[in-house]
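Summary of the model geometry
Residue strings, one per chain:
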Amino acid sequence: MVSNLDTFWPKESETEPRLCFSGDLTLKIHGRVIRLNPSLSLQAGQAVRLSGPTGCGKTSFLTVLAGLTDYRILAGRLHFEPGSRPLAFVSQNPALQTLGADVWEETLAGALNYGRSRSLAEADAAYWLSRLNLGDKTHHSPDELSIGQRQRLVLASALTLAPGFLILDEPFSQLDSTGQTELIALLRELKQKGLAILIVDNENLDYLDLMDNYVSLYAQEEMDIPPEGLAEIGPATDDLKRPVRPVLEGHNLSLSWPPDFKTTVTIEDFRLKSGQRVAVVGPNGCGKSSFMAALTKTGPLCGGGIRWFGEDNLALKGLAGRVGFLPQNPERLFFNDTVKQEVAFALTRLNLSQPEVEARTGLWLARLGLANLADRRPRELSFGQKRLLGLATVLAPEPEVLILDEPFTGLDGRFRGYLKKKISNGWGDYRPVVVMLCHNNPEEDFGFDEIWRFSGHRLHTGQTWPAEVPPPPEGPRKNKTGLGFARAGQFRFGRSWLHRCPIAVKFFGLSLMATVALLGRWFWLTPLIIMLTLFFGCSAGLLRPLIRDLRVFCWPLAIMLLLYCFRFGFNLAALNDFLTIGTRLIAVCWPFTLFQRSTDPEALQKQLKRFFTARQSFLLAAGLKIGPLILREIPDILAWQRLRGAKLAFGKFWKKNHVSDWLTVFFLTLVFRIIDLAGEMSIIARLRGLEGYVAKPIHAEINPGDDSKPLNS
């Protein structure tokens, strides 16, 4: 393979990047005051490591350099010249940094938007995808990759820009040991080729010889580790919370995931007993998160049986309060106004008294160092603070079993060491069963009783099924969550005439169907058009998910029927009017569902390129991505919130608590999620050059204490 690293050699006509600031540099960002020390000078061919405690503002400072955040200089001097080449910024949350329809388009987009020739961009994209072990994933959707693979994808997209200045925010946190070693070797090569590198990291120490300087960042209000004695104080675990034996049993499990469902992981029989600590270890993309989701019944399970607490087929609501699950991105579940209310939510759903709720909320906020943030909004916290808040919401009900998916991501060494000790020894009388996912081998100070490893499409637990305990009944569990919403990637579409039809013709025909449905005079033609379309254009692979989509309309139509009848009376005339309105609603919405089901996003983006520039087509495809992404997340949000104790049962929708939870826990969470996605897409689109974005130089100097200067942006 011919290396494309030669493209990083600076040319004589180019200006090199340069960053420097004084040792007393003090910034005010979003109302927070941060201070950097010591003085820094960073230019082409150099690398600097920026570290600091959790929540001190490291990411905020990086967004200042990238020109994405308003700021005010309170003291010191800041000079930043990004250079002639693009600035590449890789954030610490890769789940929100992908916009393309597939891995290939995602990697190409930024380079094309910045004006590079397509041949050169494609050569660089192929090189970086191969270098980062994604060469066989080019036609996969980014949403189908594991969190570690998406970290590699975002890095490949950034490097395809041929940047002069590279900003990496916690680049090692989501990678396994092999990925970390490969990234360190790559950074060495990039530095030799003249790239200026700024890394924010609190964990990995294997690359310190690569750094030319180290900078520490301090916040005005830092989080403190709780006192040692505080972790030992608290109410004793009551009889309801006492672990039972056995806790969890599994027999002959198998998992698979999109896009092709061909990768199947077989899991040996296993058994968890009370008081055990188990680590699940494996490389990126091996199926660790899918395994955890299957255990908590928030994800798909292809075959086999799981028995919780000695009961077969225990429903999801039976796990609420007894099993705590911390997913990779717990911030997706936050909806309350304050940190304190977010922690107290699960406790209120366990029918605890108000004094006990307040006492236990305060206890766990203090145990995790969040007491001084109790009145802050959850969405204003840093990435690491959100991780601690998610852990607090899981621990507050004091579940019998604790399942943690990479709980230390984004945390500094102090909190990481503190949590390691507490996960190993427990919090006083509270000692749950712990199952923790790790990219790498856990350290000895964890004190794990067993280590389960993913290797060769198998999870090796080192156990055999006890002969005296009969295994749970085999058979696949239903892979859906209410309202007919299928889980991510469940559908495998068959090919039909509609799939091969040109997108423009398809869109025109289906839009005509929706228009006819809106016209009262020819409304009777709508069922005929739908039947003809299904008869000539749909195979079983498309018809089956379409029928499932119809179930989505059932509950809204039922509620509409009740409201309509209460308003106009329970009579045949009102019922006839309602049926007309409901049928027309389905007839209008269903054609666009048909269009989505029969149109590949990659094909749609290619068709858009015929009428728009590469930048415009990529932006349109990114906008079209929000809807399917939200629909794919609905089942996960429903399952995770029900595991927290939310009343989201469909059969009891009319009850007061259920209506309140639907409006706040579910719909409000979706609204926040859409806002977050739109904001993140806007930021990433700017960094990829969609809006003509160019990182602006910063030349600012101010006398200490002068707070009158307007905000720079």
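Up top is the structure these notes are about.
The notes below deal with the structure included here. These figures come from a predicted structure and were not determined experimentally. (Residues numbered from 1 in each chain as written. Predicted model: local features only at pLDDT ≥ 70, side-chain atom pairs only at ≥ 80, totals over all residues. Heavy atoms only, no water.)

Quick word on empty space enclosed by the protein
With the rule as written, the count across this model stands at seven cavities of 30 Å³ or more. Looking at the largest cavity, its volume works out to about 220 Å³. Around the largest cavity, the lining comprises 21 residues; the ones closest to its centre are Phe325, Thr393, Val394, Leu643 and Arg644. Elements represented by at least two residues in the lining of the largest cavity include exactly strand E17 (323–326), helix H9 (383–395) and helix H18 (614–643). Here the lining of the largest cavity takes four residues from E17, the largest share from any one element. Its residues assigned to classes, the lining of the largest cavity shows 15 nonpolar, five polar and one charged. (1 Å grid on protein atoms, 1.4 Å probe; cavity = no way out; pocket = protein on both sides within 12 Å on 5 of 7 lines; lining within 4 Å. Points joined across faces, edges and corners; volume = space filled by probe spheres on them. Helix = DSSP H or I, 4+ residues; strand = E, 2+ residues; numbered from the N terminus. Nonpolar A, V, L, I, M, F, W, Y, C, P; charged D, E, K, R; others polar.)

Observations regarding the layout of surface pockets
What the second largest pocket holds in volume is close to 1,500 Å³. Lining the second largest pocket are 50 residues, with Arg379, Glu380, Leu381, Ser382 and Lys386 positioned closest to its centre. For the lining of the second largest pocket, the secondary structure elements donating two or more residues are strand E3 (32–37), helix H1 (58–65), H9 and helix H19 (656–687). Top element by residues in the lining of the second largest pocket is H19. It accounts for seven residues. Split into classes, the residues belonging to the lining of the second largest pocket amount to 15 nonpolar, 20 polar and 15 charged.

So, the packing of aromatic side chains
Across all of its chains, the model carries 15 aromatic pairs by this definition. Between Phe325 and Trp640, the ring centres sit 6.4 Å apart and the planes meet at 75°, which makes this aromatic pair edge-to-face. Taken as a pair, Phe325 in strand E17 and Trp640 in helix H18 lie far apart in primary sequence, 315 residues in all. Taking the relative accessible area as the measure of exposure, Phe325 reaches 10% and is therefore buried. Residue classification places Trp640 among the buried residues on the basis of a relative accessible area of 11%. Put simply, the rings of Phe270, Phe291, Trp452 and Phe454 pair up and form one aromatic cluster. Lying over the aromatic face of Phe309, Arg322 brings its terminal NZ or CZ to 3.9 Å of the ring centre. (Phe/Tyr/Trp six-rings, centres within 6.5 Å; stacked < 30°, edge-to-face > 60°. Buried < 20%, exposed > 50% of the residue type's maximum accessible area, 1.4 Å probe, protein only. Lys NZ or Arg CZ within 6 Å of the ring centre and 35° of its normal.)

Some thoughts on unusual backbone geometry
For the peptide bond that leads from Asn37 to Pro38, omega is 0°, which places it in the cis range. With respect to the helices, strands and loops of the structure, Pro38 is situated in the loop between E3 and strand E4 (40–43). Unlike most non-glycine residues, Asn133 shows phi in positive territory, near 60°. By the element assignment, Asn133 lies in the loop between helix H3 (118–131) and helix H4 (147–159). Its identity as a non-glycine residue notwithstanding, Asn252 has a phi of 55°, on the positive side. Among the structural elements, Asn252 can be located in strand E11 (residues 248–256). For Asn252, a relative accessible area of 37% corresponds to the partly exposed category.

Here we look at H3
Helical geometry: 3.6 residues make up each α-helical turn, so side chains three or four residues apart lie on a common side. The end-to-end C-alpha distance of H3, which contains 14 residues, comes to 20 Å, matching closely the 20 Å that a straight helix rising 1.5 Å per residue would cover. For H3, the full list of buried residues reads Ala121, Asp124, Ala125, Tyr127, Trp128 and Leu129. If you follow the buried residues of H3, they end up packed against helix H2 (103–113), H4 and helix H5 (177–192). The first or second residue beyond H3 is Asn133, which carries a positive phi of 60°. (Expected span 1.5 Å × (residues − 1). Contact = heavy atoms within 4.5 Å.)

Notes on the nonpolar core
The tendency in soluble globular proteins is for nonpolar side chains to be buried side by side. With 57 residues, the main nonpolar core has Leu19, Leu50, Phe61, Phe165 and Leu198 as its most contacted residues. Excluding residues within four positions of it along the chain, Phe61 makes contact with Phe21, Leu27, Ile29, Ile34, Leu36, Leu50 and Leu217. Counting 37 residues, the second largest nonpolar core, distinct from the first, contains Phe334, Leu365, Leu370 and Leu395. (Core = buried A, V, L, I, M, F, W, Y, C linked by side-chain atoms within 4.5 Å.)

Considerations on the environment of Gln192
Here Gln192 shows up in helix H5. For Gln192, a relative accessible area of 62% translates into the label exposed.

Quick notes on the pairing of strand E9 (residues 196–200)
Burial analysis of E9 places five of its five residues in the buried class, the great majority of the element. By the alternation rule, side chains of E9 split into Ala196, Leu198 and Val200 and Ile197 and Ile199, which are all buried. The pairing of strand E5 (residues 47–51) with E9 spans four bridges and is classified as parallel. Its bridge partner lying in E9, Val48 is registered against Leu198. In this structure, strand E8 (residues 165–169) lies alongside E9, joined through five bridges in parallel fashion. (Pairing = 2+ DSSP bridges.)

Focus: the pattern of salt bridges
One pass over the structure, following the stated rule, counts 17 salt bridges. Residue Asp212 is joined to Lys191 by a salt bridge in which the shortest nitrogen-to-oxygen separation is 3.0 Å. With a gap of 21 residues between them, Asp212 in the loop between E9 and strand E10 (213–219) and Lys191 in helix H5 connect regions that are remote in the sequence. The partly exposed category is assigned to Asp212, whose relative accessible area is 43%. Residue Asp661 pairs with Arg349 through a salt bridge whose shortest N-O separation is 2.4 Å. In this pair, Asp661 sits in helix H19 while Arg349 sits in the loop between helix H7 (339–348) and helix H8 (354–367), placing the two residues 312 residues apart along the sequence. You can call Asp661 buried: its relative accessible area is 0%. (Salt bridge = Lys/Arg side-chain N within 4 Å of Asp/Glu carboxyl O.)

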